[in-house]
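Here is how the chains run, residue by residue.
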Amino acid sequence: MITPADSNHSVNFYWNIVKHLSPDAKIDLITMLSQSLKTEEHHPISAMKHYGVWGNDGMTDEEFINDLRSLRTFKKDIVDL
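Cut-offs and rules
Residues numbered from 1 in each chain as written. Predicted model: local features only at pLDDT ≥ 70, side-chain atom pairs only at ≥ 80, totals over all residues. Heavy atoms only, no water. Helix = DSSP H or I, 4+ residues; strand = E, 2+ residues; numbered from the N terminus. Buried < 20%, exposed > 50% of the residue type's maximum accessible area, 1.4 Å probe, protein only. Areas by Shrake-Rupley, 256 points an atom, 1.4 Å probe, with all protein chains shown as cover. Patch = residues over 30% accessible without salt bridge, like charges linked within 9 Å, V, L, I, M, F, W, Y side chains within 5 Å. Salt bridge = Lys/Arg side-chain N within 4 Å of Asp/Glu carboxyl O. Phe/Tyr/Trp six-rings, centres within 6.5 Å; stacked < 30°, edge-to-face > 60°. pLDDT = per-residue confidence, 0-100.

### Digging into the overall build of the protein chain
When helices and strands are counted, the protein chain shows 3 helices and 0 strands. In the protein chain, the order of α-helices and β-strands from amino to carboxyl end is α-α-α. Here the protein chain, with 81 residues, has 1% of them falling under the buried criterion. Split by element, the accessible area of the protein chain, about 8,500 Å² in all, is 60% carbon and sulfur.

Here it is in structure tokens:
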């Protein structure tokens, strides 16, 4: 989370960079910043981008589940339901 103090520090940091620009360059920067606010797009995160991240190892779903189960370790006895 960005606090107001962090935000103020960032603004001062960038101001020290741009304050020496020419008036025309400052106007261009203002225009670019304004446009970025108007066209800001929020891209929803889709689970589809993670589809197939484990690749195709040739295992069926049942084989994969059984493999996962065989890797589990417990300190207590497992009771079948």
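### So, a nonpolar patch on the surface
A cluster of nonpolar side chains, contributed by F64, I65, L68 and L71, occupies part of the molecular surface with about 360 Å² of accessible area. With respect to the helices and strands, the residue I65 is situated in helix α3 (residues 61-71). Relative accessible area serves as the criterion here: at 32%, I65 is assigned to the partly exposed category.

### Observations concerning the packing of aromatic side chains
In the structure shown here, the tally under the stated rule is 1 aromatic pair. With centroids separated by 5.2 Å and ring planes inclined at 80°, the aromatic side chains of F13 and Y14 adopt a geometry described as edge-to-face. Overall, the relative accessible area of 47% leaves F13 in the partly exposed class. Note on Y14: relative accessible area 53%, which makes it exposed.

### A look at the confidence of the model for the protein chain
For the protein chain, per-residue confidence averages 80 on the pLDDT scale, and residues scoring 70 or more make up 83% of the total. Within the protein chain, the lowest mean pLDDT, 84, falls on helix α1 (residues 4-18), and the highest, 89, falls on helix α2 (residues 23-38).

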